Amino acid sequence: VEKRLELVKQVSHSTHKKLTACLQGQQGTDTDKRSKKLPLITLAQCLMEGSAVLGDDTLLGKMLKLCGETEDKLAQELINFEQEVERDVVEPLFVLAEVDIPNIQKQRKHLAKLVLDMDSSRARWQQSAKSSGISSNLQPSGAKADALREEMEEAANRVEICRDQLSADMYNFVAKEIDYANYFQTRFRLSTTGSLSRSCKPCYPRSKPIKGLFRVAPSASKLKKLKAALDCCVVDVAEYSADPHAIAGALKSYLRELPEPLMTFELYEEWIQASNIQDQDKRLQALWNACEKLPKSNYNNFKYVIKFLSKLTEFQDSNKMNPSNMAIVLGPNLLWPQAEGNITEMMTTVSLQIVGIIEPIIQHADWFFPGEIEFNVTGNYGSPIHTNHNANYSSMPSPDMDHSDRKQHDQARRPLSVATDNMMLEFYKKDGCSQLNAIAR
């Protein structure tokens, strides 16, 4: 990407220069000022003046007037065209060549300086160890040594943050290549149709068990870098295999930033009504009916997410995320009302209902979505042990089961659940626990 930066900058700069030279009107001015510099306007005025001299009661006078009006309309069309070209092509090319790329290059130089600072701090630390007569595998102590160590660690932290930011900016640069290509495409579309139609966008609007999964916030720079990498399809899986919080954060961010919840606005009321049904069998059936009404793409994505969350709950002893916690943390990212209301009401009434929707779907994931899903799409992890859960899901759990049978039945069909935010989790722990348990039951 670094090698391409300078090349794209050169091409954008030269193209911007030539495009600007093609504009007949005065760049960066309003319509009236731009029209005064336009030859077509001058021609139109000349024809209209000729018509006035000859009089529009003569054939030639009428023709000059008609042609003058036509030339004036053509001039107005040209002005509108040039203004659109300037706004949608010329100015973006200027920003790309003179602002965006130089900023990335400056950041690259800044990173190099930070690396030098880090090396210098490390050298002072090592020199302190030598001066103290301590072997390289031992750490010097004392106030000065502590200060040097803190300085070295802080320098290393600055390098890591800057490197992540630079990587994110470079990935964003690659992901926006369709936009850069559209700058040039727009020039010709405007010249023939007078309109711009955009057709392509990046994906972002998109495990290893560990305690606090989906609750612990990832590093902001790591999350930004991962989202940018996903947008341009250049994710280094190995880099994030040991950082599940960044991956979990990217998933939550993808679901939250969708223009419409995955479970759709259209079906919102039906989901809520289903959650209010007291009878367990009927409630599950109503949830299943709503699920079947999802558009195909939504259904497939929802199925994948639910089955994935169900898989994670199999490791709840390690990651502390059972179906209830999953529903609390991720539920509001899967379904929310179209009209935003009072935030307090949203966190209590609505979110409790959403948890009551998501939790049973996770608990009975294999009943809602029979069959297995291969999550190891990259092939970088050991193949999971596949078990056939379908036999256990031939029917819904009967409300007539006694407690011990139901517990054994639920353990046999243990699926996954969803969860929301640290803030919401704490809220439910403190104030909504009894309501949440009532819904879960």
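The structure displayed is predicted, hence computed values, not measured ones. (Residues numbered from 1 in each chain as written. Predicted model: local features only at pLDDT ≥ 70, side-chain atom pairs only at ≥ 80, totals over all residues. Heavy atoms only, no water.)

The next thing to look at is the overall build of the protein. The secondary structure content of the protein amounts to 19 helices and 0 strands. When the accessible surface of the protein is totalled, it reaches about 24600 Å², and 53% of it is carbon and sulfur. (Helix = DSSP H or I, 4+ residues; strand = E, 2+ residues; numbered from the N terminus. Areas by Shrake-Rupley, 256 points an atom, 1.4 Å probe, with all protein chains shown as cover.)

Scanning the entire structure with this criterion turns up 6 aromatic pairs. Ring-pair connections join several aromatic residues into one group, and the members of that group are W271, Y299, F302, W367, F368 and F369. (Phe/Tyr/Trp six-rings, centres within 6.5 Å; stacked < 30°, edge-to-face > 60°.)

For helix α12 (residues 296-313), spanning 18 residues, the distance from its first C-alpha to its last is 26 Å, which sits close to the expected 26 Å at 1.5 Å a residue. Listing the buried residues of α12 in full gives N298, Y299, F302, V305, I306, K307, F308, L309, S310, L312 and T313. (Expected span 1.5 Å × (residues − 1). Buried < 20%, exposed > 50% of the residue type's maximum accessible area, 1.4 Å probe, protein only.)

What follows is about the environment of E153. You can see E153 is positioned in helix α5 (residues 143-175). For the pair formed by E153 and M118, sequence separation is 35 residues and the distance between their alpha carbons is 8.3 Å.

Moving on: unusual backbone geometry. Not every positive phi belongs to a glycine, and T264 is a case in point at roughly 70°. The class of T264 is buried, set by a relative accessible area of 5%.

This part covers the confidence of the model for the protein. Here the protein averages 75 in pLDDT, and 72% of its residues register 70 or above. Within the model, pLDDT remains below 50 along residues 194-201, and this stretch shows 12 contacts once partners closer than five positions in the same chain are excluded. Low pLDDT (under 50) marks residues 205-210, which in the prediction has 19 contacts with non-local residues, meaning those over four places away or in another chain. (pLDDT = per-residue confidence, 0-100. Contact = heavy atoms within 4.5 Å.)

All right, on to a nonpolar patch on the surface then. Among the surface-exposed residues, V53, L54, L60, M63 and L66 lie close enough to one another that they form a single nonpolar patch of about 490 Å² accessible area. Looking at the nonpolar patch, the elements with two or more residues in it are α3 (39-54) and α4 (59-131). Within the fold, L60 resides in helix α4. (Patch = residues over 30% accessible without salt bridge, like charges linked within 9 Å, V, L, I, M, F, W, Y side chains within 5 Å. Salt bridge = Lys/Arg side-chain N within 4 Å of Asp/Glu carboxyl O.)

Within the largest apolar cluster, 41 residues are counted, with the highest numbers of intra-cluster contacts made by W271, F302, I357 and I361. Looking at this core, the elements that each hand over two or more residues are α9 (244-256), α10 (268-275), α11 (280-292), α12, α14 (323-334), α15 (343-363) and α16 (365-368). If one sorts the elements of this core by residue count, α12 sits on top with 7 residues. By size, the runner-up hydrophobic cluster in this structure holds 26 residues, among which are L93, L96, V159 and M170. (Core = buried A, V, L, I, M, F, W, Y, C linked by side-chain atoms within 4.5 Å.)

The next point concerns the environment of T186. Residue position: T186 is located in helix α6 (residues 177-192). Each C-alpha atom, one on T186 and one on E84, is 9.4 Å from the other, the two residues being 102 residues apart in sequence.

Below, the discussion takes up the pattern of salt bridges. It is possible for side chains bearing opposite charge to pair when their charged atoms get close. In this structure the tally under the stated criterion is 14 salt bridges. The closest approach of N and O atoms between K222 and E160, which form a salt bridge, is 3.8 Å. Accessibility expressed as a relative area gives 37% for E160, which makes it partly exposed. Taking the shortest distance from any N to any O, the salt bridge between E314 and K311 comes out at 3.7 Å. In this structure E314 comes out as partly exposed when scored by relative accessible area, which is 31%. A single network of salt bridges, built from pairs that share partners, joins E160, D164, K222 and K225.

Where α5 meets helix α7 (residues 220-231), the axes come as close as 8 Å, and the angle between the chain directions of the two elements is 20°. Between α5 and α7, the interaxial angle falls into the category roughly parallel. The interaxial crossing formed by α5 with α7 has left-handed handedness. Contacts between α5 and α7 involve E160, I161, D164, Q165, S167, A168, D169, Y171, N172 and A175 from the former and S221, K222, K224, K225, A228, A229 and D231 from the latter. By residue class, the composition of the contact of α5 with α7 is 6 nonpolar, 4 polar and 7 charged. (Axes fitted to C-alpha atoms, helices over the stretch in contact; angles between N-to-C directions. Parallel < 35°, antiparallel > 145°, perpendicular 65-115°, else oblique. Left-handed = near helix turned anticlockwise from the far one by under 90°. Nonpolar A, V, L, I, M, F, W, Y, C, P; charged D, E, K, R; others polar.)

Moving on, we get to α3. For α3, with 16 residues, the first-to-last C-alpha span of 23 Å sits near the 22 Å given by 1.5 Å per residue. One or two positions beyond α3, positive phi appears at G55, with a value near 90°.

Let us now look at the packing of α10 against α11. When two helices pack together, their arrangement is given by the angle between their axes and by how far apart the axes lie. Direction vectors running N to C along α10 and α11 enclose 170°, while the axes themselves pass 8 Å from each other. Put simply, α10 runs roughly antiparallel to α11. α11 is crossed by α10, and the crossing has left-handed handedness. Facing α10, whose interface residues are E270, W271, A274 and S275, α11 presents R283, A286, L287, N289, A290 and C291.

Time to look at the environment of M63. Note that M63 resides in helix α4. Counting along the chain gives 12 residues from M63 to S51, while the straight-line C-alpha distance between them is 7.8 Å.

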